[in-house]
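Working through the structure, step by step
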Amino acid sequence: MSDETIVILGIPVDNLTMDMAVSRIFSMVDDFAEDGRARLVATVNVDFLVNAHAWFRKHIRHPELLDILRRADMVTADGMPIVWASKLLGTPLRERVTGADLVPRLAEEASKRKKTIFFLGGKGDVGRKASDLLKERYPGFEVAGVYSPFVHVEGDALLETEAADEEIVDRINQSKADILLLAFGNPKQEIWFERNRLRLKVPVSIGIGGTYEFIVGSVVRAPEWMQKSGTEWLFRITQDPKRLIKRYLIGFFKLGFMIWPALLHYRYQALRY
């Protein structure tokens, strides 16, 4: 977590531009040589807030996720509602830093710095397709590895995760990757990292959700003007209305419900001073 952070519903979000985020990630890669500490970058959107919190602030729906996000080494605002919330609270974030935009930038910079990236997770062979596309786009970019295992973070299957995790971690460590992309989705990717943090020998791990699908085009991104205006969610709904209408409506309503006490407090303090 950087010195300049914006706290939104108990989660510290780093106030970064895309350029600043990329630079800081490669600085963390360099720091690993000094302290050997595996670091986590989380790209937070409304889903994270909805998954972490219950409807009422005195209750926590997912305390493990909330704790992981609070201790993450860097947290970026992946969704425009996070940026809007920061502005309403009088502490505006510089810009949105999404996983879908961050990964290509990291691949480009890695090709220049001779660093490698491991592509973990994703459905089927989408991770392989995404890595191949980025290698074509950025000559010199080196992929440390691609692997798409199924991991468990809850239920009875947790009793059998030790051996599976060990095999995955060994594969990653043997690749000597500088950056690990975690594409298991929220909160699975963050929980998996946390339980394997001490075994991982990769400097920086980044939770990126469904970014591979955006890179290969199996999920189409909204036009740039919709991304910048914060209406990308409307475009997403048209791609998969049956699944996304409920998800977005509940997410936005819950965010508004949870944030209004903090907003009223901010307005009250502003009037006092």
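Preceding this paragraph is the structure being described.
So, how was this worked out
Residues numbered from 1 in each chain as written. Predicted model: local features only at pLDDT ≥ 70, side-chain atom pairs only at ≥ 80, totals over all residues. Heavy atoms only, no water. Buried < 20%, exposed > 50% of the residue type's maximum accessible area, 1.4 Å probe, protein only. Helix = DSSP H or I, 4+ residues; strand = E, 2+ residues; numbered from the N terminus. Pairing = 2+ DSSP bridges. Expected span 1.5 Å × (residues − 1). Arc of directions from axis to C-beta. Phe/Tyr/Trp six-rings, centres within 6.5 Å; stacked < 30°, edge-to-face > 60°. Lys NZ or Arg CZ within 6 Å of the ring centre and 35° of its normal. Salt bridge = Lys/Arg side-chain N within 4 Å of Asp/Glu carboxyl O. Axes fitted to C-alpha atoms, helices over the stretch in contact; angles between N-to-C directions. Contact = heavy atoms within 4.5 Å. Core = buried A, V, L, I, M, F, W, Y, C linked by side-chain atoms within 4.5 Å. Parallel < 35°, antiparallel > 145°, perpendicular 65-115°, else oblique. Nonpolar A, V, L, I, M, F, W, Y, C, P; charged D, E, K, R; others polar.

What about the pairing of strand S2 (residues 11–14)?
Residues Ile-11 and Val-13 point to one face of S2 and Pro-12 and Asp-14 to the other, with burial holding for every one of them. The antiparallel pairing of strand S1 (residues 5–8) with S2 creates a hairpin that spans two residues between the two strands, and Leu-9 there sits at a positive phi of about 50°.

Overview of helix H7 (residues 161–175)
If you check H7, its first and last C-alpha atoms are 21 Å apart, about what 15 residues at 1.5 Å a residue would give, namely 21 Å. Regarding H7, the residues found buried are Thr-161, Asp-165, Ile-168, Val-169, Ile-172 and Asn-173. Down the axis of H7, the buried set is contained in an arc of 130°. They therefore lie on one face. Among the exposed residues of H7, those oriented more than 90 degrees off its buried face are Ala-163 and Gln-174. A positive backbone phi angle near 55° is found at Lys-176, which sits one or two residues after H7.

A short note on the packing of aromatic side chains
Applying the stated criterion to the full structure yields three aromatic pairs. For the pair Phe-184 and Trp-192, a centre-to-centre distance of 6.0 Å together with 65° between the ring planes defines the contact as edge-to-face. With relative accessibility at 0%, the residue Trp-192 sits in the buried group. One aromatic cluster is present, formed by Phe-119, Phe-141 and Tyr-212 through successive ring pairs. In this structure, Arg-171 is placed above the aromatic ring of Tyr-147, and the distance from its NZ or CZ to the ring centre is 3.6 Å. Sitting over the ring of Phe-214, Arg-221 keeps its end group 5.8 Å from the ring centre.

Re the pattern of salt bridges
Taken as a whole and judged by the stated rule, the model has 15 salt bridges. The partner of Glu-4 in a salt bridge is Arg-94, and the shortest N-O contact between them spans 3.3 Å. Remark: Arg-94 occurs in the loop between helix H4 (80–88) and helix H5 (99–113) and Glu-4 occurs in the segment before S1; sequence separation between them is 90 residues. Asp-73 serves as the salt-bridge partner of Arg-37, at 2.8 Å between the closest nitrogen and oxygen. Taken together, the residues span a long stretch of sequence, with Arg-37 in the loop between helix H1 (18–35) and strand S3 (39–44) and Asp-73 in the loop between helix H3 (63–71) and strand S4 (74–77) at a distance of 36 residues. Owing to a relative accessible area of 10%, Asp-73 belongs among the buried residues under this scheme. Among the charged side chains, a salt-bridge network with shared partners connects Asp-67, Arg-71, Glu-194 and Arg-197.

Remarks on the sheet that holds strand S7 (residues 179–183)
Spatial ordering of the open sheet is given by S4-S3-S8-S7-S5-S6, a layout of six strands whose pairing is parallel. Looking at the sheet topology across the chains shown, the edges are occupied by S4 and strand S6 (142–147). Going from strand to strand, the sheet's axes swing by 20° on average, the running direction of each strand aside. Sheet strands in contact with helix H6 (residues 126–137) are strand S5 (116–121) and S6, and its direction is about 170° off that of S6. Packing of H7 onto the sheet brings it into contact with S5, S6 and S7, and relative to S5 it is tilted by some 165°.

Considering the nonpolar core
With 46 residues, the main nonpolar core has Ile-8, Leu-93, Leu-120, Ile-172, Leu-180, Trp-192 and Leu-200 as its most contacted residues. Ignoring anything within four residues of it in the chain, the contact list for Ile-8 reads Val-13, Leu-49, Ile-82, Ala-85, Ser-86, Leu-93 and Ile-259. Listed in part, the 33 residues of the second largest apolar core include Ala-21, Val-41, Leu-102 and Ala-130.

Quick word on the environment of Leu-255
Summarising the element assignment, Leu-255 is placed in helix H12 (residues 241–272). By relative accessible area, which is 8% here, Leu-255 ends up buried. For the pair formed by Leu-255 and Ala-85, sequence separation is 170 residues and the distance between their alpha carbons is 9.0 Å.

Thoughts on the packing of H7 against helix H8 (residues 188–196)
For the pair H7 and H8, the least separation of the axes is 11 Å and the interaxial angle reads 85°. The pairing of H7 with H8 is recorded here as roughly perpendicular in orientation. Note on element contacts: H8 touches H7 through Trp-192, Arg-195 and Asn-196, opposite Thr-161, Asp-165, Ile-168, Val-169 and Ile-172. Residues belonging to the contact of H7 with H8 are distributed by class as follows: four nonpolar, two polar and two charged.

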